[in-house]
Structures are given as structure tokens and as C-alpha cells.
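Listed below, chain by chain, are the residues.
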Amino acid sequence: MAELTTLKEAVEYLIHDGDTVAMEGFTHLIPQAAGHEVMRAGKRDLVAVRMTPDLIYDQLIGMGCVRKLVFSWGGNPGVGSLHRFRDAVENGWPSALEIEERSHADLANAYVAGASGLPFAVLRGYVGCDLPKHGAPIKSVTCPFTGEALAAVPAVRPDVAVIHAQHADRKGNVLMWGIVGVQKEAVLAAKRAIVTVEEIVEALQPGANAVVLPHWVIDAVCLVPGGCHPSYAQGYSRRDNVFYKAWEPISRERERFSEWMERHVLSTENFADYRRSVAAEQVQEAAGA
Amino acid sequence: MAELTTLKEAVEYLIHDGDTVAMEGFTHLIPQAAGHEVMRAGKRDLVAVRMTPDLIYDQLIGMGCVRKLVFSWGGNPGVGSLHRFRDAVENGWPSALEIEERSHADLANAYVAGASGLPFAVLRGYVGCDLPKHGAPIKSVTCPFTGEALAAVPAVRPDVAVIHAQHADRKGNVLMWGIVGVQKEAVLAAKRAIVTVEEIVEALQPGANAVVLPHWVIDAVCLVPGGCHPSYAQGYSRRDNVFYKAWEPISRERERFSEWMERHVLSTENFADYRRSVAAEQVQEAAGA
Amino acid sequence: MMTVAAARLLENGAICFVGIGLPSAAANLARATHAPEVVLIYESGPIGTKPEVLPLSIGDGELAETADTVVSTPEIFRYYLQGGRIDVGFLGAAQLDRFGNINTTVIGDYAAPRVRLPGAGGAPEIAACAGEVLIILRQSPRALVERLDFITSAGHLEGGDWRARAGLPGKGPTAVITDLGILRPEPGTQELVLTSVHPGATRSEAEAATGWPLRIAADCGETPAPRPHELAALRDLHERTARAHSAA
Amino acid sequence: MMTVAAARLLENGAICFVGIGLPSAAANLARATHAPEVVLIYESGPIGTKPEVLPLSIGDGELAETADTVVSTPEIFRYYLQGGRIDVGFLGAAQLDRFGNINTTVIGDYAAPRVRLPGAGGAPEIAACAGEVLIILRQSPRALVERLDFITSAGHLEGGDWRARAGLPGKGPTAVITDLGILRPEPGTQELVLTSVHPGATRSEAEAATGWPLRIAADCGETPAPRPHELAALRDLHERTARAHSAA
């Protein structure tokens, strides 16, 4: 049953060290503020599931919060590599990172299976692909009617799902629209759910391709306007492509990354504070340039 | 690729004797006009799939169009029995009717599997239930990860899906809202699709819980206002509960049923004509009473 | 009384998967009285629906118009029911046996039935997956039978720990509400025993209206009489419903 | 030339599942020129999207705002891709072998990679299920290799009738468009051979830029030069894109 609360409280009470956490959002509505709050709270040993790790998991990994990553596409979209992810995989910095690498179709189906209370999903996938040879937990199942062999993949059932949405009402019913990715499935597959939102509204007014999550499948709703930056919220903001590009040099070297995270994330109180901190630095740099 | 056409042409060219046909609509948006057109065209030996056969299949069965019925709940909702269905099952009139009886959860999953290009679906179902002993094609599958035994059911992959929706645009993109049932899955599971609509609009404007089916998954779009009567179209009409109750005495006896169908369905040109015919009789009866 | 007694068993805030007919009446009465926060879900897709009048069918427009959201039928069965999100499944039955197993398929032989009933619908999986199951039906020796002609939806099947051994997620039937009283599974055996008699009915009436030798629980009492506000709410609901459906 | 040549291979009206980057540029160029009715689908969920500018990410807002509809990611992969509704899958690649198999996972050893690439994304199942697959990449001996370090997405795997034997629904790669020319699988062996050389490039350049002994098709010709309207459309697209993304 959803409670309206601060993000700090939600993270403190609902995410525990060692939890399997799915922070979803397919390019759109990525719950970056919640990611920061996990770093501030110093959560450790997380099994982090996400189709596209993106900057949010690059940071979590670089800050040493993650023991194992389950993912299907690990890049900085339109820019290049996720350097903190690569440094962890290639050099074990800041700590060893176990990876379980799957495909988009697999993880999408695995969330569906999780939401459906099934232990596994069946798909036409992985034929000829090397991933099953390298730790992807893919098995085979035979259709009892046709004899066809199909891929079987384990369901994803996170302890906690974390998403960002446009609206919630005061009861905690949540509304999102635009590219909705696997967020509905992630929430319904999870034991607990945290949703940050752009706005609390009196009544939800679902429009085109809207997804409504009833308040009783959600544990915490937290008002965090712009909480998905540098990703975007349709109707509220645009994707900050400049920040995605800026992340490349910030994340490339360990020292600069750590300094940046320390200054802007760990030393700030919340996401609004963080964004002021980053903006102030940009002004400073512009003045210095 | 959707063509705007008459319902008569659509049925003639897209439904063939012996086809597996799924006419879906869960209480709402039942494609009754299309059902009548199939009877007028004298289609035979159909394998008719529908979760809730309702009046539409009671009529198709009574008119001898159906060889086999696949279903999960066969009643006149809120009223009682489907007499033509029962007469066919119990007495083989007007011809023997093979039945394949499943559960709602099964058929819903079976359509999902069909739409997903899978030969079967997995569900937690049928434990302790006698249906598998009586022709329901239920098998078991073991989760390769947990060892759990789950029910496996064959996908539904109709030759033709037939649905009714509120709107289409001129390209044949289709929009429906309200209770949307399994119609999306039925269309995407089928090789061909016919959609009757309340209205052709310039541009679709999807609202709450709208489903949009792109024009290229549909073969024929036919303008048939009120084509789901006695079911209803949210935003256009209300469920005609009086007609559902009136169906009870009409359908109870073979002779009265056959006369009624002959007079109102077979002797009329199209659905508008049919509705005028039924309305005229009601006026007559009211005058006589 | 049956509807009132059934309504009372639904807790405020419970997530309830509602069958059409008697269960729907009881669930909506609960919502109109002590359980305004109950979340009603119908298999046609409406979630958190708040109908002013009782629906005649499982997919009346009223259900969609007053819902928090409407999802597809597959989603209701997959994500909500099978996903373990339902606290209470509220079912009717044509026939019931002493272990709460339900028949809604056929009376007589399946291939040559004496009476062909509508069939399974959503019931087998509601009975399997809901956290617990409430069953509401009128009592008669033809309804509460020694042996079902057909098991559509499993209750406690053979009794005892059968459900746990079969790996079913939900607890199964926890109460059967009839026009004469309330039956509950006896801990251990899971056999339905009479635990409460409605005012005006007697234990022997209940026994006579049961097709198996009905046992009476040691602590069997009388169901508290309907209170004025319950009766008023039920009357209002039925009046609104009658008006709406005759106007259609 | 690479983008123009790739765009030309997309038929008007085709249902195309588009990868980000070069495939997206080519598909949108096709839409701006000879194929206004092409239906573009991105794995993030937009169907029939008509972006004015090229998206930087697979889920830019522009894609949702200009789409006929947006569905969930599971629905895209389950109902549309796996459901057999896609005519053409349009993919990029980091490494490619002679049978059109793709590596987008690692260069070097998986456990201790020399270069860690982003990984599979949607490609393995697009390569498996799309009616046919077009691949676009820049040619070099490090990109077109004798042996992949990792097979992410199967083309014709070991060649010959491997796909049919493996039961894959789609035809697999039918063309590889590079900056130097077009390679197509030779009927029978399914080995990629050079079937067209772009104006300004030569056969020997193409051979030198290929890590296996590239064979030249008997009927290998020259790719028709880009026409003015193609170049204009491509320039417009890139200009609009640059303006939009720098303004962000």
C-alpha cells in the first residue's frame, strides 16, 4: 500500500544491503535520483538488474554498491562505453563485479514471468548465440505439443523495483506515459516498489498509451521533480544529451569520477541540491573558460 | 495491410469453410454483425474459439456453422443457459458439436502465446480440476530451474480473428477502449483479422487504457455502427440487457429460434437492416399486446 | 442475510477478485458499508472498480467507467491473479462438496450431461491462486453434495494438507456463506463444518440442506442479525440496480 | 554512400525493426525518400514512428511523440518480433564474419576482454525472428574478421542450411552494406560475397578491408551513385539532427 514519503526514507526502509534491485526505465524515466540516494545511503552488495545499465548503474558500480549486475546492453547510449562498468569488469575496481549477461528479449520475458508468478519464461532466443556459454542462465524446454525446443530463462523477481513516473495521486496510484519500457512488469515482479514522480496530482488523467499502477502494488511514492535527469520525462523535460556526452570524460578516470561523485552526490542532501551543485560548477567552468 | 471494405466482402474473402475463427470481445464490443454475416454467407465447419461464447456463438452453433467450439464459459451472462449451445452438446442439433473446454486463464494465456509466436503457454492452472480428463488439451511442463511442474496449454492461432472497435482511421489503424479483453492478442495471434468499427475518424485520439492496433496487422476494416449489439461499445451504446433476457425464450425452442433467425438475419441484407427488422417486430408486438 | 454475512467477511482494504452474481452483490455491499477501501477486480479487466449499481454481466460499462484502471484480460489473469496480488477470491458455485471443491461445469456425465452448466470461466485459477477463497451459494442437498459430478475448481480436494502438497499458492476456501449459515474448514481435516447459523435458521435445517452428514463446530454460534445500516445499504444497491437495468 | 545504399534496400511499406545509429539513419533516409510508408519500430516501444530528427538514444522522446502507438518493451519483443510481424531487422555490428554472424559483446576473451562492447541488446532475437536482416557497418579487417571472438547474434552461423536446420523463423542476413560496397550471402553456401562496389571504391580495397579472403560475385557491379534528392534528404536529416541535439 503506497505511502507518500521522502526518497531518503523510502530508500532507507525499503532497500537493504544484498537486495536484488531493479531500477528500470528504457532511456525514458530513468530513476536517477533514487540511484543517488542509494549511494548516499551507502547500500552494499546489491544485485542490480537493468536491461540498459546506463549512467545510473555506471555510478552505482563505480561507487561500490553493486556485487552483481544482470543486464542486456551496457553502453552510454549514443556516446560510447560505460567506463565504471568496464573498469569493474576488466579490473575489478572498486570491487569485483559478477555479471550475468542476457538479451533484451530474454530480460523482457523474464520480467513478464516474474510479474506473472512463474519461475521461468519461454522464448525463441539465443539460437547460435554464445551468451549461454558464458554464465547466462539459459536452459531449454521442449514444447509438449509440437516437440519444438525453445529457450527457457529464469524469471526476474527483484526484492525492490524502483521507477520514475510522471504522476501520482494522493492515494499513490501512479501514472506514466510515453516510452513505458518494462516498468510495469518490474514493479509487478518485485516484492517492494519505490516510485519517484514529477508531480502529485488530484486525479490521474490517463492519455495515450498510459500505464496505471494501482497504489496497492507500490510501497513508497516520492515527489522528486526532474528525478530522472539526465534521462527525461515526457511532458516535463527533454533528454539531456549534453550531460550524456559530458559523462564520458567525468567517468573515464577513477579519480575524477570519485571526486565528482563525492562533490555532487555524496556531499549533497538530495537531488535538487545535487542539481544545483552541478549547475554551479558549470557556471564556474563557463566563467573560467 | 488494412482495406476499408464492406463486412459482406470481408467475410466472403477472409473467412473460409473449415477455418479456425476467433470472434472476441469480453461482454463489451462483441462483433455480432460479423457473426450474422458469417451465417448469411453460410460458412460451414468452423472451429470457433471464444472465451465466452455468448449469444453470438449460440446463434452460429444453432445455424449449423460450427464444427468445434473452443471456450471457457458458456452462458448467457446474467440470464442463464445458451440453449442452442446446450442443444448441440446434449442432442447434436442441428449437427454434432465437438467441444474443447478450457479455463479463462488458460485461453487468455493461449492467445498470448499465439500472439507471441510460441507453440504453448505455461500457467499455474488446472490443479485438481477435471477438465484435463475430458478433452482439454492440457499437459505438464517442468521448470528447468526450480523443478516445479506447471500446466502447459497449446497456443491459440486462429486463421481469422474478428473484433469490433470504436474507431479506425482511413489507413485502418484501429482504436478501442473500455474493457478490451483479449482482442489485441486475438488479432495478433491470427493470420487474418477483420475489424468492424463504430466510426471512421480522421485521426485516432487514444485516451485511457486505449489499445491501438496498427493498420498493417489488420486485413479488413468495416464500418458497422452498433455492430456489437446487444453487447455495447463504450462511448456509443449501453449493453442491451433487455435483449439478453429476450434471447432466452427466442432460443429455447428449435423452431422459434430458426424462424427468428430466418426472418431477422438470413432475410436481411446487413446489420442495419437486421436491426430495423427486429425493431419493427417489437413495435408490432407492443401494439398487439 | 446471506449477502450481508458474506459482505462482512471481506476486510476493508482487501484486494478482491469478484465473480459475477452473488459474490458481486456481497463485495459491493461490503464496499458500501464497512469496507470502503476494498479493491474490487473483475476478470474482464477493471481494477479498483466502484460501480453504483450491480453489473448484470462481468463486463458492464459501469465497471470500466468507475475503475482506477482497466487492463486486458490476460493481464488480469497473469500479472494480478497468478502474480499473487489477490487477497480474496469471491466465488459462486452450482455444486460444492465437503472439502470446498466446486462444480460449475456439468450435472451428470460430462459426455452426456443431465444439466450443462456454463463451465470454468476464471474459477479454477482464482481458487488456486487467490490468497483465500470465499464461496457463496444457496444451501440444498443438490447443491452441497456428497460427491461432485465434476470438479471444476479445487478447494481442499481430498482434505488435509492436499493444497500444500499440490503446491497451490493460496490457502483455498476459508468460508462458505449460505442462506442458512456459514461453513468453515475444520483445521486439520479441512472438512467444512457449520460454524454459524443465521438468525431464523436452525442447525437441523442446515443439516437437512446438506448432502453429506454435516458436522457442527463445537463453537458454532448464531450469525449476528443484519444491522439497519446493512439492510439499508443492500436495499439501496438493489433498488439502484433494478432501476438501471430496466431502464436499459 | 553507405547510408544511401542501405536506405535503398528498404522497401516501401516494409515493417522494419530498427537498431540505433547507422541503421536508424538509413531507415529514416528511406522514409524521407522512396519509402514514405515504411513502418519503423524501435525496441523501446514506438511503432510507426516518424522522427523529424535522428534519435541519439533508442528511446528519445521524438520517437514516442511521432509514433502511431507506443507499446511496452515486452510487447515489442513478444507480440511484434517473436510473433513474426517484422519484415526487416536492421542491425549494426562491431564485428562480422563471412556467414553474417555478429559480435557486439567483447573483443578478446569474454572473461578478460580486450574491449568490452555494450552487449546483445535486442540483436540476437532480431537476427533470429525478423523476416530478413540487413546489416550496416564500416569495413575494415578488424570489423570483417575470419573468426569472431564472440557470436552475439547468429547470421547463417556455419553457412549452408544451418538456419533452416536450427528452426529459425527468419531468413537471416540478406545484405551487408558497408562504406565500400554491398555483400550478400551466396546462394547455397550463404558465404558473404561482394555483389556491388560503391562509386569511388574498388574491389581490391574491399578485399583488403576484409579479414577473410573475400570472394567477388560473378555479377558484381557498381552501386548506382547517390542521386541529388537522396543526398539532399540525407543532408537535411543530419542538419536537423545536429541542430536539435546541440540545442538540448
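None of the values given here were measured: they were computed from a predicted structure.

## Notes on the overall build of chain A
Check the secondary structure of chain A and you find 9 helices and 15 strands. Relative to its length of 289 residues, chain A is compact, with a C-alpha radius of gyration of 19 Å against a globular reference of 19 Å. Summarising its shape, the C-alpha atoms of chain A cover approximately 70 × 50 × 30 Å along the three principal directions. Within chain A, residue pairs in contact and separated by at least 24 positions form 73% of the contacts whose partners lie at least 6 positions apart. About 9,600 Å² of surface is accessible on chain A, with carbon and sulfur atoms providing 49% of the total.

## Some thoughts on the overall build of chain C
When helices and strands are counted, chain C shows 8 helices and 14 strands. For 248 residues, the compact-globule estimate of 2.2 N^0.38 gives 18 Å, and chain C sits close to it at 17 Å. For the C-alpha atoms alone, the extent of chain C along its principal axes is close to 45 × 40 × 35 Å. The buried share of chain C, taken over its 248 residues, is 64%. Partitioning the intrachain contacts of chain C with sequence separation of at least 6 by distance along the chain shows that 64% fall at a separation of at least 24. For chain C, the accessible surface area stands at approximately 8,700 Å², while carbon and sulfur atoms represent 52% of it. Charged side chains in chain C number 21 positive and 28 negative. The centres of these two groups are separated by 1 Å.

## Examining the pattern of salt bridges
Evaluation of the coordinates by the stated rule reveals 57 salt bridges over all chains. Taking the shortest distance from any N to any O, the salt bridge between Asp273(B) and Arg276(B) comes out at 3.7 Å. With a gap of 3 residues between them, Asp273(B) and Arg276(B) both fall in helix α9 (residues 271-288), about one helical turn apart. For Asp273(B), a relative accessible area of 22% puts it in the partly exposed group. Three or more residues are tied together by salt bridges with common partners; here these are Arg67(A), Lys68(A), Glu98(A), Glu100(A), Arg102(A) and Asp106(A).

## Brief notes about the environment of Met2(D)
Residue and element names in this part refer to chain D. Note that Met2 resides in helix α1 (residues 2-8). Of the residues examined, Met2 reaches a relative accessible area of 5% and is grouped as buried. Considered as a pair, Met2 and Ile136 are 134 residues apart in the sequence and their alpha carbons are 7.8 Å apart. Among residues more than four places away in sequence, those in contact with Met2 are Leu22, Ile136, Leu137, Arg138, Ile177, Thr178, Asp179 and His198.

## Here we look at the domain arrangement of chain A
The domain boundaries assigned to chain A delineate domain 1 (3-102 + 157-273) and domain 2 (121-154). Each of domain 1 of chain A and domain 2 of chain A was reduced to a C-alpha centroid, and the two centroids are 30 Å apart.

## Here's the deal with the packing of aromatic side chains
Residue and element names in this part refer to chain A. Counted by the stated rule, this structure contains 20 aromatic pairs over all chains. Here the aromatic residues Phe243, Trp247, Phe257, Trp260, Phe271 and Tyr274 are joined through ring pairs into a cluster of three or more. Lying across the ring of Tyr244, Arg239 places its NZ or CZ 3.8 Å from the centre.

## Here's the deal with the interface of chain D and chain A
Each side of the interface is counted separately: chain D has 44 residues, and chain A has 47 residues. Carbon and sulfur atoms supply 61% of the area that chain D and chain A bury against each other, a total of about 3,800 Å² over both sides. Contact with chain A buries surface across chain D, with Leu56(D), Tyr110(D) and Arg116(D) losing the most and accounting together for 17% of the total. Residue Glu101(A) pairs with Arg116(D) through a salt bridge whose shortest N-O separation is 2.5 Å. Our enumeration of links across chain D and chain A arrives at 16 residue pairs in polar contact (both at pLDDT 80 or more). Contributions of two or more residues to the side of chain D that touches chain A are made by α3 (61-65), α4 (73-82), β9 (113-116), α5 (123-129), α6 (162-166) and α8 (228-247) of chain D. The biggest single contributor to the side of chain D that touches chain A is α4(D), with 5 residues. Counted by class, the side of chain D that touches chain A contains 24 nonpolar, 13 polar and 7 charged residues.

## Let's talk about helix α2 (residues 22-32) of chain D
The buried fraction of α2(D) is high, at 9 of 11 residues. Here α2(D) has its buried residues at Pro23(D), Ser24(D), Ala25(D), Ala26(D), Ala27(D), Asn28(D), Leu29(D), Ala30(D) and Arg31(D).

## A closer look at the sheet that holds strand β9 (residues 139-142) of chain A
Residue and element names in this part refer to chain A. Spatially, β8-β10-β9 is the arrangement adopted by the 3 strands of the open sheet, whose pairing is antiparallel. The open sheet terminates on both sides in strands that have one partner only, identified here as β8 (120-123) and β9. Between one strand and the next, the sheet's axes are offset by a mean angle of 40 degrees, whatever the strand orientation. For β9 and strand β10 (residues 149-154), the ladder comprises 4 bridges, and the chain directions are antiparallel. Paired with Ser140 across the bridge in β10 is Ala151.

## Details of the side chain of Thr104(C)
The topology assignment puts Thr104(C) in the loop between β7 (102-103) and β8 (106-108). Judged by relative accessible area, Thr104(C) falls into the buried class, the value being 16%.

## Here's the deal with the pairing of strand β9 (residues 113-116) of chain C
Residue and element names in this part refer to chain C. By the bridge criterion, 3 bridges tie β8 to β9 in an arrangement that is antiparallel. The residue of β9 that forms the bridge with Gly108 is Pro113. Between β8 and β9, which pair antiparallel one after the other, the connecting turn spans 4 residues.

## Some words on the packing of helix α7 (residues 241-252) of chain A against helix α8 (residues 254-266) of chain A
Residues and elements named next belong to chain A. In contact at an axis separation of 5 Å, α7 and α8 are set at 120 degrees when each is read in the N-to-C sense. Residues Phe243, Trp247, Pro249, Ile250, Ser251 and Arg252 of α7 form the contact with α8, whose own contacting residues are Arg254, Arg256, Phe257, Trp260 and Met261. Taken together, the residues of the contact of α7 with α8 sort by class into 7 nonpolar, 1 polar and 3 charged.

## Thoughts on the nonpolar core
Across soluble globular proteins, nonpolar side chains have a tendency to be buried as a group. With 333 residues, the main nonpolar core has Ile194(A), Ile41(C) and Ile41(D) as its most contacted residues. Every residue in contact with Ile41(D), bar those within four places of it in the chain, is listed here: Trp216(B), Ile15(D), Cys16(D), Phe17(D), Val18(D), Pro46(D), Ile47(D), Gly48(D), Ile76(D), Tyr80(D) and Ile86(D). Counting residues in each nonpolar core, the second largest holds 46 residues, with Tyr57(B), Leu60(B), Ala220(B) and Trp247(B) among its members.

## Topic: the environment of Trp162(C)
In this fold, Trp162(C) is placed in helix α6 (residues 162-166). We classify Trp162(C) as buried; its relative accessible area is 8%. Taking C-alpha positions, Trp162(C) is 28 Å from Ala7(C), a pair spaced 155 residues apart along the chain. When sequence neighbours within four positions are dropped, the list of residues in contact with Trp162(C) reads Val127(B), Gly128(B), Ala154(C), Gly155(C), His156(C), Leu157(C) and Leu168(C).

## Observations concerning the side chain of Arg116(D)
Of note, Arg116(D) is situated in strand β9. A residue is classified by how much of its surface remains accessible, and Arg116(D), at 3% relative accessible area, is buried. Only 2.5 Å separates the side chain of Arg116(D) from the side chain of Glu101(A), close enough to count as a polar contact. Sequence-distant contacts of Arg116(D), defined by excluding residues within four places in its chain, comprise Phe71(A), Ser81(A), Phe85(A), Arg86(A), Glu90(A), Ile99(A), Glu101(A), Thr105(D), Val106(D) and Tyr110(D).

What counts and how
- Residues numbered from 1 in each chain as written.
- Chains lettered and ligands numbered in written order.
- Predicted model: local features only at pLDDT ≥ 70, side-chain atom pairs only at ≥ 80, totals over all residues.
- Heavy atoms only, no water.
- Helix = DSSP H or I, 4+ residues; strand = E, 2+ residues; numbered from the N terminus.
- Rg over C-alpha atoms; globule rule 2.2 N^0.38 Å.
- Contact = heavy atoms within 4.5 Å.
- Areas by Shrake-Rupley, 256 points an atom, 1.4 Å probe, with all protein chains shown as cover.
- Buried < 20%, exposed > 50% of the residue type's maximum accessible area, 1.4 Å probe, protein only.
- Lys, Arg positive; Asp, Glu negative; His and termini not counted.
- Charge placed at Lys NZ, Arg CZ, Asp CG, Glu CD.
- Salt bridge = Lys/Arg side-chain N within 4 Å of Asp/Glu carboxyl O.
- Domains from an automatic or database assignment.
- Phe/Tyr/Trp six-rings, centres within 6.5 Å; stacked < 30°, edge-to-face > 60°.
- Lys NZ or Arg CZ within 6 Å of the ring centre and 35° of its normal.
- Buried area = accessible area lost by both parts, 1.4 Å probe.
- Polar contact = N/O pair within 3.5 Å; in protein donor to acceptor, adjacent residues only side chain to side chain.
- Nonpolar A, V, L, I, M, F, W, Y, C, P; charged D, E, K, R; others polar.
- Pairing = 2+ DSSP bridges.
- Axes fitted to C-alpha atoms, helices over the stretch in contact; angles between N-to-C directions.
- Core = buried A, V, L, I, M, F, W, Y, C linked by side-chain atoms within 4.5 Å.

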